[in-house]
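Next come the chains, spelled out residue by residue.
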Amino acid sequence: MHDMSHAILDLVQQVMSSPWLYLAIFALAVLDGFFPIVPAETSVITAGVFAASGGGQPNLALIIVVAAIGAFAGDHISYLIGRKAGGRLRERKAFVWARGALEERGGLVLVVARYIPGGRTATTLTMGAVRHPLRSFTFFDAIAASSWAVYSALIGFFGGMAFENDPIKGLLLGLGIALTVTFVVEAVRFVRKRRAVTQPSAERLPQDTSI
């Protein structure tokens with residue numbers, strides 16, 4: 001069993017030191033823009049772990065740049081899909097949520113949605129479907145894609161530094177942090193939604209005017 005795990009680790013390290021890794025990260029980040037089950041974030045975190053524990057290979061800065069460009073390109077493809085299929089998306093639950101968030105926060109919702117499961121794709125499709133100005137979309141998406149790439153790569157990198165001699169533990173730590181952040185974002189969103197529902201109800205309650 002130990003020999004098998006060692007062989008798997010060696011194989012992963014070989015993949016992480018290959019120049020093809022950057023192309024793979026780019027492709028996964030692009031696909032994740034409109035096909036959200038693709039493990040783009042996991043691949044960036046994993047590469048970050050091995051950037052810390054592999055003696056500079058792969059290169060952390062290059063991981064961030066490639067991931068950000070891929071995410072940026074994938075989001076724009078999703079935006080264009082939304083423009084083409086806007087009428088067929090309007091009744092979907094995720095579309096309704098994203099449209100409400102867009103009305104509330106404007107282009108900034110792109111940055112927030114990046115950390116909500118399924119939120120990225122729903123938001124980019126919605127912004128295309130409602131004909132959100134492309135210039136505004138591009139501006140906010142550049143911020144969203146860059147912040148996501150930096151966040152994912154650094155989570156992996158610091159996890160790899162914490163367990164420099166055991167990259168598997170570093171990977172588990174990085175994934176655990178990413179899942180925790182996602183859970184916290186979802187929890188805050190749920191609480192805010194509940195408050196928004198209960199406050200109007202409280203305001204409608206009759207007030208006691210007796211002396």
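Residues numbered from 1 in each chain as written. Predicted model: local features only at pLDDT ≥ 70, side-chain atom pairs only at ≥ 80, totals over all residues. Heavy atoms only, no water.

Trainee: Help me understand a nonpolar patch on the surface, please; the structure alone is not making it clear to me.
Mentor: Together, W20, L23, F26, L62, V65 and I69 make up a nonpolar patch on the protein surface, roughly 590 Å² of accessible area in all. For the nonpolar patch, the secondary-structure elements that each account for two or more residues are α2 (20–32) and α4 (60–84). Its place among the elements puts L23 in helix α2. (Patch = residues over 30% accessible without salt bridge, like charges linked within 9 Å, V, L, I, M, F, W, Y side chains within 5 Å. Areas by Shrake-Rupley, 256 points an atom, 1.4 Å probe, with all protein chains shown as cover. Salt bridge = Lys/Arg side-chain N within 4 Å of Asp/Glu carboxyl O. Helix = DSSP H or I, 4+ residues; strand = E, 2+ residues; numbered from the N terminus.)

Trainee: Would you mind going over the side chain of H132 with me for this structure?
Mentor: The topology assignment puts H132 in the loop between α8 (119–129) and α9 (134–162). Leaving out residues up to four positions away in the same chain, H132 has contacts with Y79, L102, G107, M127 and F137. (Contact = heavy atoms within 4.5 Å.)

Trainee: Which parts of the structure should I look at to understand helix α3 (residues 40–53)?
Mentor: Given 3.6 residues per helical turn, the α-helix brings residues three or four places apart onto the same face. Helix length check: α3, at 14 residues, gives a terminal C-alpha distance of 20 Å against a target of 20 Å (1.5 Å per residue), a fit within 8%. Within α3, 12 of the 14 residues are buried, leaving the element largely enclosed by the surrounding structure. Buried residues of α3: A40, S43, V44, I45, T46, A47, G48, V49, F50, A51, A52 and S53, and no others. (Expected span 1.5 Å × (residues − 1). Buried < 20%, exposed > 50% of the residue type's maximum accessible area, 1.4 Å probe, protein only.)

Trainee: I tried to follow the nonpolar core on my own but got confused; where do I start?
Mentor: For soluble globular proteins, nonpolar side chains are generally found buried alongside one another. Within the largest apolar cluster, 25 residues are counted, with the highest numbers of intra-cluster contacts made by I25, V44, I63 and W148. If you list the elements that add at least two residues to this core, you get α2, α3, α4 and α9. Ignoring anything within four residues of it in the chain, the contact list for W148 reads A29, A40, E41, V44, A67, A71, R114 and Y115. Counting eight residues, the second largest nonpolar core, distinct from the first, contains L102, V111, M127 and F137. (Core = buried A, V, L, I, M, F, W, Y, C linked by side-chain atoms within 4.5 Å.)

Trainee: I'm lost on unusual backbone geometry in this one. Help?
Mentor: For residues besides glycine, phi is generally negative; the peptide bonds are generally trans as well. Despite not being glycine, R131 has its phi angle at roughly 60°, a positive value. By the secondary structure assignment, R131 is in the loop between α8 and α9. Judged by its relative accessible area of 46%, R131 falls in the partly exposed class.

Trainee: Where do I start with the packing of aromatic side chains in this structure?
Mentor: The geometry of an aromatic ring pair is captured by the separation of the ring centres together with the interplanar angle, meaning the angle of the planes. Per the counting criterion, the structure on display carries four aromatic pairs. On the basis of an interplanar angle of 35° and a centroid distance of 4.5 Å, the ring pair of Y79 and F137 is categorised as tilted. Here F137 lies in helix α9 and Y79 lies in helix α4, a separation of 58 residues in the sequence. Y79 gets classed as buried once you look at its relative accessible area, which sits at 1%. Ring centres of F157 and F158 lie 5.9 Å apart, and the angle between their planes is 70°; this geometry places the pair in the edge-to-face category. (Phe/Tyr/Trp six-rings, centres within 6.5 Å; stacked < 30°, edge-to-face > 60°.)

Trainee: I tried to follow the UniProt feature "transmembrane region" (unreviewed entry) in the protein chain on my own but got confused; where do I start?
Mentor: What UniProt calls "transmembrane region" (unreviewed entry) maps, in this numbering, to residues 20–40, 60–82, 137–159 and 171–191. In residues 20–40, the share of helix is 67% and the share of strand is 0%. The end C-alpha atoms are 15 Å apart. (UniProt positions renumbered as here; feature names shortened; annotations may be inferred.)

Trainee: Could you clarify how one ought to interpret the packing of α4 against α9 in this entry?
Mentor: The geometry of a pair of packed helices is captured by two quantities: the angle between their axes and the separation between those axes. Interhelical geometry of α4 versus α9 gives an angle of 140° and a closest axis separation of 8 Å. At the point where α4 passes α9, the crossing takes the right-handed sense. Per-class residue counts for the contact of α4 with α9 are 18 nonpolar, three polar and two charged. (Axes fitted to C-alpha atoms, helices over the stretch in contact; angles between N-to-C directions. Left-handed = near helix turned anticlockwise from the far one by under 90°. Nonpolar A, V, L, I, M, F, W, Y, C, P; charged D, E, K, R; others polar.)

Trainee: Could you clarify how one ought to interpret the side chain of R120 in this entry?
Mentor: Examined against the element boundaries, R120 turns out to sit in helix α8. Beyond its immediate chain neighbours, meaning those up to four positions away, R120 contacts A29, D32, G33, A71, G74, D75, A113 and R114.

Trainee: I keep staring at the packing of α3 against α9 and nothing clicks. Help me out?
Mentor: Packing of α3 against α9 leaves a shortest axis separation of 6 Å and a crossing angle of 45°. One finds that α3 runs oblique with respect to α9. As α3 packs across α9, the resulting crossing turns out to be right-handed. From α3, A40, E41, V44, I45, G48, V49, A51, A52 and S53 reach across to α9, where they touch W148, A149, Y151, S152, A153, G156, F157, G160 and M161. Tallied by class, residues from the contact of α3 with α9 come to 12 nonpolar, five polar and one charged. (Parallel < 35°, antiparallel > 145°, perpendicular 65-115°, else oblique.)

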